[in-house]
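Here is what each chain is made of, one letter per residue.
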Number of protein chains: 2
Amino acid sequence: MPNPKRPHVVIIGAGFGGLAAAKGLERADVDITVIDKRNHHLFQPLLYQVATAGLSPADIASPIRHILRKQANISVLLDRVYGIDREKKYVILGEHDPLAYDWLIIATGARHSYFGNDAWEPFARGIKTIEDATQVRRNILMALERAETEPDPERRAALLTFVIIGGGPTGVEMAGAIAELARKSVSSDFRNIGAHSSRIILLQRGDRLLPSFPEKLSAKTLTAIQKLGAEVQLKANVTDIDADGVTANNVKIPSKTVIWAAGVTASRASEWLDCGRDTAGRVQVSTRLHPMNDPAIFVIGDTAACTDGNGLMLPGVAPVAKQQGEYAAKAIMAHLRGREAEPFCYKNYGNLATIGRSQAVADFGRFQLSGFAGWVLWCTAHIWFLSGFRNRIGVGITWLWSYITFERNARLITGDFAPDLPATRELAAHLKQRPTVEA
Amino acid sequence: MPNPKRPHVVIIGAGFGGLAAAKGLERADVDITVIDKRNHHLFQPLLYQVATAGLSPADIASPIRHILRKQANISVLLDRVYGIDREKKYVILGEHDPLAYDWLIIATGARHSYFGNDAWEPFARGIKTIEDATQVRRNILMALERAETEPDPERRAALLTFVIIGGGPTGVEMAGAIAELARKSVSSDFRNIGAHSSRIILLQRGDRLLPSFPEKLSAKTLTAIQKLGAEVQLKANVTDIDADGVTANNVKIPSKTVIWAAGVTASRASEWLDCGRDTAGRVQVSTRLHPMNDPAIFVIGDTAACTDGNGLMLPGVAPVAKQQGEYAAKAIMAHLRGREAEPFCYKNYGNLATIGRSQAVADFGRFQLSGFAGWVLWCTAHIWFLSGFRNRIGVGITWLWSYITFERNARLITGDFAPDLPATRELAAHLKQRPTVEA
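Residues numbered from 1 in each chain as written. Chains lettered and ligands numbered in written order. Predicted model: local features only at pLDDT ≥ 70, side-chain atom pairs only at ≥ 80, totals over all residues.

### Re the overall build of chain A
The line we're drawing: Each helix is a run of H or I in the DSSP string that is no shorter than four residues. Each strand is a run of E no shorter than two, and both are numbered from the N terminus. Buried means a residue has 20 or more other C-beta atoms within 10 Å of its own C-beta, exposed means 12 or fewer, and partly exposed covers the counts in between; C-beta atoms are placed from the backbone. Here, residue contact means that the backbone-derived C-beta atoms of the two residues sit within 7 Å.
Tallying secondary structure elements over chain A gives 12 helices and 25 strands in all. Expressed as a percentage of the 439 residues in chain A, the buried residues total 51%. When contacts within chain A are restricted to residue pairs at least 6 apart in sequence, those whose partners lie at least 24 apart make up 63%.

And the structure:
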């Protein structure tokens, strides 16, 4: 329980931003409560690997308590936030009593957005949580299983067509990984699915892939992803998604597996704060990351609409969230010493995106890397930033093994199995429905 | 598709028995179809490690297709069996047309049985599938999370009491692993749960643990498990299980986490075959493993009621299933050469059970091992028998790491999260329900 004499910092969300804020307050004379609705921190940049059966969920997720266990001034609370009372300064929770704060750091991230077309969600799952990723994995693997025994050529083609919507880093990574899975990893396991049976189609609304990268790297990415066997459609305007496929530029693409990587919307923080939001649902913050100039609250990461020195909106990526978390911690410590922090200033150390086996692009402003050198850098950086030492080793070994053998070992179809039915009753029903075979 | 000229062997179930039969027919001039309702073979002896967050599901499961990919005479079918027509010799499936067979090998295993008390199931989950194991993992981890912030001492004690019902190998393994998890691995992560806050209670109906082992090893197991901090109640007669705990010998043990390891019942094969079954649901087979003396059908593994030379019932363990699978394959090959196979004879190479960190017992008839030597043997044997080379390395490293650090890294609470609710409406409701705090 927090000591009533020490200031209480409440952090909502243990993503990159929330964890950075918590760690930044390690030496501060405050009590910290970290609230998250899940028990684990998730290394989202590698979630697409779980969705494509390359890694296991536990490889990229660690219990929040475990990550923060050595920091004595922190309590971790598994709960869901329902609201914030700015006047009385407390957070309203689902299972626990309201929690009073002196400072509040909101770092609740984003979830996928269908731009008003929520009816598309059941047919085009996005990848934000472990459950999303294992569901997408299930969809991909089930489509392959069904295609193996589907006699109808049209239905078979739809089962073997994988459409990824969105040509940003997540979409490019998913397209590359699915191409590797469907064309290399599994072809020896199936009898009727060969290396060239599957189509992987990446739909991008804009006129190039990875629009946040320099044009040169976009062009290289396009070549690389086509070489992996994925088809890319630029200027693709998606107008409908249903159980049978995607309509883009008035052409229907029959597909049983559609993956959404096109857009996100911020968490509900703007509702909790009862303040305005931009079109992506983000809360407008001051240069010191305060919403509505409330000095007791910081909004950071994907939930904050924050501009850099040139008035450009900062992107929803891990480095921004981390630096903002560190900034919030420093600002609180400055205040405790009676000073005021300088405005937040984002330092861009570079952007990375991987395309697939041995291919990645890296943008460091002055210079760029691509191909194998980019991929080595990408692997190194991602293993380095993974929380928890055991996971780093585990992921490193898994990748090295996959690289040598082309195997993807986490190919499990789990969940949603119907319970066993009594055979006798079902048998009778089946015998009526099914043509009998001549023995 | 099977070649109509070659004999067709259908194997239902890709557990230890089904896989052994499939591999045993590698050089036979037959077409083989392996049917399973799941896409993966599961190494069930290590499932308790998934339930206690030591291993990830993918560490102990491999796609069946992948295990059998190099055997050209095999097709793998993901489907559910609804019945068998013995007269016309075909298998009735859920999603595919009926499948004709020349030989049929039924290796569909067992599931847990509550001895007629099916109402206990929601409160005392057994561990037979990956979904079972991740659900038990979730229950254990959620109980710890809730205990961390529970102010009421009685409710807190119930949250920190873990009851395991059944003192066979699975129950002993679970009790040891939960003791390690709740007392060692997580105590540094929580602020209000110490190494001695949790109670682990193992209830055994009989008068000793591991009744299938020699008495000397039962006694050693009892001492070892008590040393790990688990309480053992022998001659415990469980008469009720509900949401609040277990009643044994007319005493109620308040507990929010009860795990069932007390009994299994065979799969529905006896219903498919429309034949009798014993009290454990098993199909009586001849010395050549045929039910009802039907020479076209073999029933093997946990589904078969089969006695050894001395008239003793063979136990439901992996080595029996494997040897019976190999036998069925040999019997079919003998028949193809116009001969008849000798009756099945089980060779008992020994029994192993682990108790926890550095403790296991091994029974080889003439001599026994226990303590650290038994544990090293247990680890070596289990890593060796794990299907798939990558998994062997992965599990080996994970175990070594856990042994050195006491960490259990797969501590993820997944599934069943309520969707985000609109804050505004909920906020109003909450403000009414909750006492407001004074800021």
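### Observations regarding the sheet that holds strand 18 (residues 257-260) of chain B
All names here are of chain B. Let me state the cut-off plainly: Strand pairing requires that DSSP identify at least two bridges connecting the strands. What counts as an axis is a line fitted to C-alpha atoms, over the stretch in contact for a helix, and the angles between N-to-C directions run from 0 to 180 degrees.
Pairing in this open sheet of five strands is parallel, and the strands run 11-18-12-13-14 from one edge to the other. Where the open sheet ends on each side, the last strands, each with one partner, are strand 11 (124-126) and strand 14 (230-233). Averaged over all adjacent pairs, the angle separating strand axes in this sheet is 25°, with direction ignored. Relative to strand 18, strand 12 (residues 161-165) is paired through four bridges, and the arrangement is parallel. Looking across to strand 18, one finds that I165 is bridged to W260. Helix 6 (residues 169-185) contacts strand 12, strand 13 (199-203), strand 14 and strand 18 of the sheet and is inclined by roughly 175° relative to strand 13.

### Some points on the pairing of strand 15 (residues 238-242) of chain B
Residue and element names in this part refer to chain B. Note that strand 15 and strand 16 (residues 245-248) share four bridges and pair antiparallel. Across the sheet, residue I241 finds its bridge partner in strand 16, namely V246. The hairpin formed by strand 15 and strand 16 contains two residues between the paired strands.

### So, the confidence of the model for chain A
All names here are of chain A. Note the threshold: Confidence of the prediction at every residue is given by pLDDT, a number between 0 and 100.
Mean pLDDT over chain A: 87, with 90% of residues reaching 70 or higher. pLDDT under 50 marks residues 416-428. Its contacts with residues more than four places away, or in other chains, come to 15 contacts. Note that pLDDT drops below 50 for residues 430-439; the model gives that stretch 16 contacts with residues more than four away or on any other chain. What the predictor reports for the complex is a pTM of 0.86 with an ipTM of 0.82.

### Some points on the domain arrangement of chain A
Rules: Throughout, the edges of the domains are those of an automatic or database domain assignment.
The domain boundaries assigned to chain A delineate domain 1 (8-37 + 79-112 + 264-336) and domain 2 (118-262 + 350-405). On a C-alpha basis, the centres of domain 1 of chain A and domain 2 of chain A stand 32 Å from each other.

### A closer look at the nonpolar core
Here is the rule: Nonpolar cores are identified as sets of buried Ala, Val, Leu, Ile, Met, Phe, Trp, Tyr and Cys residues joined via C-beta atoms within 7 Å.
I165(A), A175(A), I178(A), I165(B), A175(B) and I178(B) are the most contacted members of the largest nonpolar core, which totals 154 residues. Those residues in contact with I165(A) that sit more than four places away from it in its chain are A124(A), L203(A), V238(A), V258(A), I259(A), W260(A), A261(A) and A262(A).

### A few points about the packing of helix 1 (residues 16-24) of chain B against helix 9 (residues 318-336) of chain B
Residue and element names in this part refer to chain B. Here is the rule: Comment on the angle field: the value is read as roughly parallel under 35 degrees, roughly antiparallel over 145, roughly perpendicular from 65 to 115, and oblique elsewhere. Here is the rule for handedness: rotate from the far helix to the near one, and if that takes an anticlockwise turn smaller than a right angle the crossing is left-handed, while a clockwise turn gives right-handed. Residues are sorted three ways: Asp, Glu, Lys and Arg are charged, Ala, Val, Leu, Ile, Met, Phe, Trp, Tyr, Cys and Pro are nonpolar, and all the rest, Gly among them, are polar.
Their axes nearest at 7 Å, the elements helix 1 and helix 9 cross at an angle of 30°. Relative to helix 9, helix 1 is oriented roughly parallel. As helix 1 runs across helix 9, the sense of the crossing is right-handed. Between helix 1 and helix 9, the residues in contact are F16, G17, G18, L19, A20, A21 and G24 and A318, A321, K322, Q324, G325, E326, A328, A329 and K330, respectively. Classifying every residue of the contact of helix 1 with helix 9 by side-chain character gives eight nonpolar, five polar and three charged.

### Here we look at the environment of K89(A)
Residues and elements named next belong to chain A. Within the fold, K89 resides in the loop between strand 6 (81-85) and strand 7 (90-93). Taking the C-beta count within 10 Å as the criterion, K89 has 20 such neighbours and is therefore assigned buried. With 91 residues separating them in the primary sequence, K89 and E180 have C-alpha atoms 51 Å apart.

### Some thoughts on the sheet that holds strand 7 of chain A
Residues and elements named next belong to chain A. Pairing within the open sheet is antiparallel, and its three strands lie in the order 6-7-8. The strands lining the two open edges of the sheet, one partner per strand, are strand 6 and strand 8 (99-100). Inspection of the sheet shows strand 7 paired to strand 8 by two bridges, in the antiparallel sense. Looking at the pairing, V91 lines up with L99 of strand 8.

### Focus on unusual backbone geometry
Backbone geometry places K235(A), a non-glycine residue, at a positive phi of 50°. Here K235(A) shows up in the loop between strand 14 (230-233) and strand 15 (238-242). With phi around 50°, M292(B) is a residue other than glycine that occupies positive phi space. Locating M292(B) in the fold gives a position in the loop between strand 20 (283-284) and strand 21 (297-299).

### A closer look at helix 4 (residues 130-149) of chain A
One turn of an α-helix holds 3.6 residues; hence residues three or four places apart share an orientation. Cut-off, in case you're wondering: The span expected for a helix works out to 1.5 Å for each residue beyond the first.
For helix 4 of chain A, with 20 residues, the first-to-last C-alpha span of 29 Å sits near the 28 Å given by 1.5 Å per residue. Buried within helix 4 of chain A are the following residues: I130(A), A133(A), T134(A), V136(A), R137(A), I140(A), L141(A), A143(A), L144(A), E145(A), A147(A) and E148(A).

### What about the environment of P63(A)?
Its place among the elements puts P63(A) in strand 4 (residues 61-63). On the basis of neighbour counts, which here come to 28 C-beta atoms within 10 Å, the residue P63(A) falls in the buried class. P63(A) sits 24 residues away from N39(A) along the chain, and the two C-alpha atoms are 5.5 Å apart. Not counting chain neighbours up to four residues away, the residues in contact with P63(A) comprise N39(A), H40(A), D189(B) and R411(B).

### What about the environment of Y48(B)?
Residues and elements named next belong to chain B. The topology assignment puts Y48 in helix 2 (residues 47-51). C-alpha separation for the pair Y48 and A58, spaced 10 residues apart in sequence, amounts to 14 Å. Setting aside residues no more than four positions away along its own chain, Y48 makes contact with I127, T170, E173, M174 and A177.

### What about helix 10 (residues 371-385) of chain A?
All names here are of chain A. Test applied: Directions from the helix axis toward the C-beta atoms define the arc.
Helix length check: helix 10 (15 residues) gives 21 Å between terminal C-alpha atoms against 21 Å at 1.5 Å per residue, within 8%. Every buried residue of helix 10 is accounted for by G374, W375, W378 and H382. All buried residues of helix 10 lie within an arc of 100° about the axis, which places them on one face of the element. Residues of helix 10 that are exposed and point more than 90 degrees away from the buried face comprise F372, A373, T380 and W384.

### Thoughts on the pairing of strand 18 (residues 257-260) of chain A
Residues and elements named next belong to chain A. Burial of the side chains of strand 18 extends over both faces: T257 and I259 are buried on one face and V258 and W260 on the other. By the bridge criterion, three bridges tie strand 11 (residues 124-126) to strand 18 in an arrangement that is parallel. Bridge pairing links G126 to W260 in strand 18.

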